Amino acid sequence: MSDRIDRDWPIGAASSRDDLLQQCLAALERGQLRAGQRLPNERSLAGITGLSRSTVRVVLDTLERDGRIIRQVGRGTYVADGIRAEATESLMLPTPAELMEFRLAIEPSLVELVVLGATDARLEELNAIVAQGGRVERWQEAEAADRAFHQALFDATGNRLFAELGQRLSGARESRSWLRLKEGSFSPEKWAVYHREHEVIVAALLDRNAENAKNALRRHLGGVRANARMAVWEL
């Protein structure tokens, strides 16, 4: 297929990078861009949209990262089908085991910064987030509550780089493999244990006891990792 554009091409002039991204996503959802369809090259897309090639490249990078398109050197860029999109995601996002290993190595190191730098108000916000987790009934609510708690730990360091890292880790929890694992392994009893561990961690932080908070967080993450390994065998 050449890069010539036919009359039915769904992407038109765009006012910004976000506008182009939304046009592409809408065309994918409506089936106007079909699995296996080849996209025009960056130069052609820049001409169609009126945006710079660098802006077009950023949008394509985003679509590729999300598994919506596949780039093949020397062949071009194609709309991914569902199977290939999931395969692409699995190559780009960490596995649940990799994610837990990384978190276990990183998150306990946050405690010193939180204890030394977080305001009382910030710690009370963290405590409130934990309290909300006590009303969980479904796995989706448990996942959201757990994600909010751990993101709040990164935020409580007061360090923008750690806060951004926390957001990236939260994004990694959107992978299909992670969500399938959480759905398949959820039980109210197991969540009650995790919630209690969150309460213990926050109580130690409120007391400004770094050693107790670090040990509690390490035990919590270690238990989550062990349960995740067991759940993989059960699924």
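Everything discussed here concerns the structure shown above.
Basis of the calculations
Residues numbered from 1 in each chain as written. Predicted model: local features only at pLDDT ≥ 70, side-chain atom pairs only at ≥ 80, totals over all residues. Heavy atoms only, no water. Axes fitted to C-alpha atoms, helices over the stretch in contact; angles between N-to-C directions. Helix = DSSP H or I, 4+ residues; strand = E, 2+ residues; numbered from the N terminus. Parallel < 35°, antiparallel > 145°, perpendicular 65-115°, else oblique. Left-handed = near helix turned anticlockwise from the far one by under 90°. Contact = heavy atoms within 4.5 Å. Nonpolar A, V, L, I, M, F, W, Y, C, P; charged D, E, K, R; others polar. Pairing = 2+ DSSP bridges. Salt bridge = Lys/Arg side-chain N within 4 Å of Asp/Glu carboxyl O. Buried < 20%, exposed > 50% of the residue type's maximum accessible area, 1.4 Å probe, protein only. 1 Å grid on protein atoms, 1.4 Å probe; cavity = no way out; pocket = protein on both sides within 12 Å on 5 of 7 lines; lining within 4 Å. Points joined across faces, edges and corners; volume = space filled by probe spheres on them.

Student: Any chance you could explain the packing of helix H5 (residues 96–106) against helix H9 (residues 160–172) here in plain terms?
Tutor: Helix-helix packing is characterised by the crossing angle of the two axes and by the distance between the axes. Where H5 meets H9, the axes come as close as 11 Å, and the angle between the chain directions of the two elements is 155 degrees. If you check the angle between H5 and H9, you find them roughly antiparallel. Viewed along their axes, H5 and H9 form a crossing whose handedness is left-handed. Across the interface between the two elements, Leu99, Phe102, Arg103 and Ile106 from H5 touch Leu165, Leu169 and Ala172 from H9. Split into classes, the residues belonging to the contact of H5 with H9 amount to six nonpolar, no polar and one charged.

Student: Looking at this structure, how should I read the pairing of strand S2 (residues 69–72)?
Tutor: For a regular strand, side chains alternate in direction, first toward one face of the sheet and then toward the other. Relative to strand S3 (residues 76–79), S2 is paired through four bridges, and the arrangement is antiparallel. For Ile70, the partnering residue across the bridge sits in S3 and is Tyr78.

Student: Is there a simple way to explain the pattern of salt bridges in this structure?
Tutor: Where charged atoms from two side chains of opposite charge come close, those side chains can pair. The tally for this structure, following the rule as stated, stands at 14 salt bridges. Close ionic contact of Asp61 with Arg71 constitutes a salt bridge, the shortest N to O distance being 2.6 Å. With Asp61 in helix H3 (residues 53–65) and Arg71 in strand S2, this residue pair connects regions lying 10 residues apart in the sequence. Of the residues examined, Asp61 reaches a relative accessible area of 31% and is grouped as partly exposed. With relative accessibility at 25%, the residue Arg71 sits in the partly exposed group. Of the charged contacts in the structure, one is a salt bridge between Arg103 and Glu107, with a shortest N-O distance of 2.7 Å. Pair check on accessibility: Arg103 and Glu107 agree, each one buried. Through salt bridges with shared partners, one network takes in Glu42, Arg53, Arg57, Asp61, Glu64 and Arg71.

Student: Just checking my understanding: could you explain empty space enclosed by the protein for this structure?
Tutor: One simple way to see leftover space: roll a probe sized like a water molecule over the atoms. Tallied over the full model, the rule gives four cavities of 30 Å³ or more. Put simply, the largest cavity is a space of about 190 Å³. Lining the largest cavity are 17 residues; nearest its centre among them are Lys182, Ser185, Phe186, Lys190 and Tyr194. Among the elements of the structure, helix H8 (139–156), helix H10 (176–185), helix H11 (188–206) and helix H12 (210–234) are those that each provide at least two residues to the lining of the largest cavity. Within the lining of the largest cavity, the residues separate by chemical class into nine nonpolar, three polar and five charged. What lines the second largest cavity is Trp9, Ile11, Leu20, Cys24, Leu28, Leu33, Leu39, Leu45, Leu60, Leu63, Ile69 and Val79. Where the lining of the second largest cavity is concerned, the elements lending two or more residues are helix H1 (17–30) and H3. Among the elements that take part in the lining of the second largest cavity, H1 stands out by supplying three residues, more than any other.

Student: So what exactly am I meant to see when it comes to the packing of H5 against H10 here?
Tutor: Between H5 and H10, whose axes approach to 9 Å, the crossing angle comes to 85 degrees. Taken as axis vectors, H5 and H10 run roughly perpendicular relative to one another. Residues Pro96, Leu99, Met100 and Arg103 of H5 pack against Ser177, Trp178 and Leu181 of H10. When grouped by side-chain class, the residues that make up the contact of H5 with H10 number five nonpolar, one polar and one charged.

Take it as geometry only, folks, not as evidence of what the structure does.
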